[in-house]
Amino acid sequence: MKIVIINYGAGNIQSIIFAIERLGFKAILSNNPEEIKAADKVIFPGVGEASSAMKMLVESGLDSLIPILKQPVLGICLGMQLMCKSSEEGNTDGLGIFNIDVIKFTPRVKVPQMGWNQIYNLKSELFKDIKDNEYMYLVHSFYAPLCDEAIATTNYEVQYASALQKDNFYGTQFHPEKSGDIGEQILGNFLKL
């Protein structure tokens, strides 16, 4: 199986590579459109600020490639947020895969939300054999509101979409690669799609 992690300069990539290796697979890092198109599975990571990350995607031409991919694609954290219509962070236009706008938590809660929180209302084969209320690791100040594409919910002041799915596109606000055995199981489920 060919697994490609999109390398566009905005990823905490090493922990994803290690998690995939623990599952018995190898992943390659690439920003080459032909290599990404030829992959069986694509992981779209992201750590950092939305507008600068989007600028890097545009400069590399990956902004037009990612939305037309046909194989399973998993966006993680900022990767998921960039797959949405827009983000309030830096007033950024996203890739428009998920029909939702990413917004900022209100000043009533501490941001970023950093640490472990529960996921529930699980609705996808991504969560095969995973029970509601498992804890996942999150670090974020912006979130996708609940919507039709939500496949997991988390509560932090408000209930929000901690995972999204549309067709072959999946996104997790949490970091499966940093969420212990359950997170690794979610990555394993993605690789079996």
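That block above? That's the structure.
Remember, predicted model here, so these are calculated numbers, not experimental data.

Definitions and limits used
Residues numbered from 1 in each chain as written. Predicted model: local features only at pLDDT ≥ 70, side-chain atom pairs only at ≥ 80, totals over all residues. Heavy atoms only, no water. Phe/Tyr/Trp six-rings, centres within 6.5 Å; stacked < 30°, edge-to-face > 60°. Helix = DSSP H or I, 4+ residues; strand = E, 2+ residues; numbered from the N terminus. Buried < 20%, exposed > 50% of the residue type's maximum accessible area, 1.4 Å probe, protein only. Arc of directions from axis to C-beta. Salt bridge = Lys/Arg side-chain N within 4 Å of Asp/Glu carboxyl O.

Across all of its chains, the model carries seven aromatic pairs by this definition. When the ring of Y8 is compared with that of F44, the centres are 5.4 Å apart and the planes differ by 45°; the resulting orientation is tilted. Of this pair, Y8 sits in the loop between β1 (3–6) and α1 (13–22) while F44 sits in strand β3 (residues 41–44), and the two are 36 residues apart along the sequence. What makes Y8 buried here is its relative accessible area of 7%. Plain terms: the ring middles of Y170 and F190 are 6.3 Å apart, the flat faces sit at 75° to each other, and that makes the pair edge-to-face. Residue Y170 is located in strand β13 (residues 169–172), and its partner F190 is located in helix α6 (residues 180–192); the two are separated by 20 residues in the primary sequence. Here Y170 and F190 have matching classes, each one buried. One aromatic cluster is present, formed by F105, Y143, Y156 and Y160 through successive ring pairs.

Backbone geometry follows two general trends: most residues other than glycine have a negative phi, and most peptide bonds adopt the trans configuration. Residues V111 and P112 are joined by a peptide bond in cis, for which omega reads -5°. Note that P112 resides in the loop between β7 (98–104) and β8 (113–119). Phi at N121 takes a positive value of approximately 55°, unusual for a residue other than glycine. On the basis of relative accessible area, N121 is assigned to the partly exposed category, the value being 36%. Despite not being glycine, N133 has its phi angle at roughly 75°, a positive value.

This part takes up helix α3 (residues 50–60). Side chains of residues three or four places apart in an α-helix project in the same direction, reflecting 3.6 residues per turn. For α3, the full list of buried residues reads A50, A53, M54 and L57. Projected onto a plane normal to the axis of α3, the buried residues spread over an arc of 100° and lie on a single side. Within α3, the exposed residues directed more than 90 degrees away from the buried face are K55 and E59. In the segment just after α3, G61 is the residue with positive phi, at about 80°.

Turning to the pattern of salt bridges, a few remarks are in order. Evaluation of the coordinates by the stated rule reveals seven salt bridges. One salt bridge connects K26 with E21, and the closest N-O pair in it is separated by 3.7 Å. Between E34 and K37 there is a salt bridge, with its nearest N and O atoms 3.4 Å apart. With E34 and K37 both in helix α2 (residues 33–37) and three residues apart, this pair spans about one turn of that helix. Taking the relative accessible area as the measure of exposure, E34 reaches 53% and is therefore exposed.

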